[in-house]
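Observations on the model geometry
Chain by chain, the residues run as shown.
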Amino acid sequence: MFRENKEHLQEKLFTSIYLMDKKVRKRLMNGWAPLYYEHVFSNIDETIFSPLYNEKKLTYRELDMLSDKISIFLEKELGNKVGKEAIVAVYMNKSNLYVATTLAILKLQCAFLPLDIKLPLKRKEHIINDCETEILLTDNSATNLNFGSCTRLRNKINLQEQLDKIEYETGKLKKRKISPENLAYVIYTSGSTGMPKGTLIEHKGLVNLKELWQKKFGVSSKDSNNLGIYSIGVT
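Residues numbered from 1 in each chain as written. Predicted model: local features only at pLDDT ≥ 70, side-chain atom pairs only at ≥ 80, totals over all residues. Heavy atoms only, no water.

1. Re the overall build of the protein
Put simply, the rule is: Only DSSP runs of H or I covering at least 4 residues are called helices, and only runs of E covering at least 2 are called strands; the numbering of each starts at the N terminus. Residue exposure (1.4 Å probe, protein chains only): buried if accessible area is under 20% of the type maximum, exposed if over 50%, otherwise partly exposed. When checking whether two residues touch, look at their non-hydrogen atoms; a contact exists if any pair is within 4.5 Å. Surface accessibility follows the Shrake-Rupley procedure with a 1.4 Å probe radius. Residue values consider only the protein chains on display as shielding.
Counting secondary structure elements, the protein contains 9 helices and 8 strands. Within the protein, buried positions represent 47% of all 235 residues. Within the protein, contacts between residues at least 6 apart in sequence are counted, and of these 64% link residues at least 24 apart. Accessible surface for the protein amounts to roughly 13000 Å². Of this, 51% is attributable to carbon and sulfur atoms.

2. Brief notes about the packing of aromatic side chains
Formally: Here is the rule: rings of Phe, Tyr and Trp (six-membered ring for Trp) pair when centre to centre is within 6.5 Å. Planes less than 30 degrees apart are stacked, more than 60 are edge-to-face, and the remainder are tilted.
Taken as a whole, this structure holds 2 aromatic pairs when the rule is applied. Centroid distance Tyr-91 to Phe-147: 5.8 Å. Interplanar angle 75°. Geometry classified as edge-to-face. Of the two residues, Tyr-91 is situated in strand E3 (residues 87–91) and Phe-147 in the loop between strand E5 (135–138) and strand E6 (155–158); the sequence distance between them amounts to 56 residues. Residue classification places Tyr-91 among the buried residues on the basis of a relative accessible area of 1%.

3. Focus: helix H4 (residues 60–78)
Worth spelling out the cut-off: Helices are assigned an expected span. That span is 1.5 Å times one less than the residue count.
With 19 residues, H4 ought to run about 27 Å at 1.5 Å a step, and its terminal C-alpha atoms sit 26 Å apart, in line with that. Count one or two residues on from H4 and you reach Gly-79, which has phi positive near 60°.

4. What to know about the environment of Ser-190
Tracing the sequence through the fold places Ser-190 in the loop between strand E7 (183–188) and strand E8 (198–202). Considered as a pair, Ser-190 and Arg-123 are 67 residues apart in the sequence and their alpha carbons are 8.7 Å apart. When neighbours within four sequence positions are excluded, Ser-190 is seen to be in contact with Leu-119, Arg-123 and Pro-196.

5. Here's the deal with helix H5 (residues 96–107)
In this model H5 runs 17 Å from its N-terminal to its C-terminal C-alpha over 12 residues, within 8% of the 16 Å that 1.5 Å per residue would give. For H5, the set of buried residues is Asn-96, Leu-97, Tyr-98, Val-99, Ala-100, Thr-101, Thr-102, Leu-103, Ala-104, Ile-105, Leu-106 and Lys-107. Backbone geometry just downstream of H5 places Gln-109 in the positive-phi region, at approximately 70°.

6. Let's talk about the pairing of strand E4 (residues 111–114)
As a reminder of what qualifies: By this definition, two strands are paired if DSSP reports at least two bridges between them. Handedness is read with the strands pointing away from the viewer; a crossover is right-handed when the path from the first strand over the helix to the second is clockwise.
The two faces of E4 match: Ala-111 and Leu-113 on one face and Phe-112 and Pro-114 on the other face are all buried. Alignment of E3 against E4, held across 4 bridges, turns out to be parallel. The partner of Val-88 across the bridge, within E4, is Phe-112. Crossover handedness for the path E3 to H5 to E4: right-handed.

7. Considering the layout of surface pockets
To keep things clear, this is the line we draw: Each cavity reported here is a set of points on a 1 Å grid over the protein atoms alone in which a 1.4 Å probe fits but cannot get out, each pocket an open set with protein on both sides within 12 Å along at least five of seven lines, and each lining residue one with an atom within 4 Å of a point. Grid points are joined across faces, edges and corners, and a volume is the space filled by probe spheres set on the points.
There is about 420 Å³ of room inside the second largest pocket. Taken together, 19 residues line the second largest pocket, and the ones lying closest to its centre are Glu-55, Leu-66, Asn-96, Leu-97 and Leu-163. The set of elements that each furnish at least two residues to the lining of the second largest pocket consists of H4, H5 and helix H7 (163–167). Sorting elements by how many residues they give to the lining of the second largest pocket places H4 first, with 4 residues.

8. Considerations on the nonpolar core
So the rule is basically this: Remark: nonpolar core denotes a set of buried residues (Ala, Val, Leu, Ile, Met, Phe, Trp, Tyr, Cys) joined through side-chain atoms within 4.5 Å.
Among the nonpolar cores identified, the biggest contains 33 residues, and Ile-70, Leu-74, Leu-137 and Leu-159 are the most heavily contacted of them. Every element with two or more residues in this core is listed here: H4, E3, H5, E5 and E7. Considering each element in turn, this core owes the most residues, 8 residues, to H5. Here Leu-159 is in contact with Ile-70, Phe-73, Leu-74, Met-92, Leu-97, Thr-101, Leu-137, Thr-138 and Ile-166, once residues within four sequence places are set aside.

9. Considerations on the pattern of salt bridges
Where we set the bar: Salt bridge criterion: a side-chain nitrogen from Lys or Arg within 4 Å of a carboxyl oxygen from Asp or Glu.
Under the defined criterion, the tally for this structure stands at 9 salt bridges. The salt bridge involving Lys-69 is made with Glu-167; its shortest N-O contact spans 3.8 Å. Placement of Lys-69 in helix H4 and of Glu-167 in helix H7 is noted, with a sequence separation of 98 residues between them. What makes Lys-69 buried here is its relative accessible area of 16%. Take Glu-167: its relative accessible area is 42%, and that puts it in the partly exposed class. Each member of the salt-bridge network shares a partner with another, and the members are Asp-64, Asp-68 and Lys-107.

Below is the structure:
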């Protein structure tokens, strides 16, 4: 499977990272998590993006709290199945819940797999089987969850149906140590010219994306639509 290419990818990134500016290099080496929490707590009550599908606007505080509660819920429901670099498929439409779920997966030291609802069934089954994922998180927009050939896919959870239960989570999320080399997400080609092909993206890659957007386009916390325009797998 493509996981075998990870060591080669790490070696290549390790070699090239020392050609970068010292400040950028430090950010990449520390990973995304310190940047995320620094930004959240310095902008805690700011609205972060315009609503998707006419949803209410969320503040950083609300998003962080919701993602924490989803993480705690998944820990209780799935136990050690949401361990380090476990690949968790997200099968939802764009929404506040989608963004919070993505963050929840990253906070659990897992990797998220965006699964486009509009893809043909065979392509979705190929992606799920190729990643060997056992977990599929959905919302009410996801239909036809009968992935017959995906024998490893044993845990399908509709988070939208569980929102009431999730909202009442009162536990405290134990922060997991996330290194820059940890797998963050897996992105697949469309498969229009054949079978979809997957690429592994590490946490340092997310930091690199952030640096690129800030440097090239001047994106900052003042841009209310940040999460709507960023593309890290949300299609």
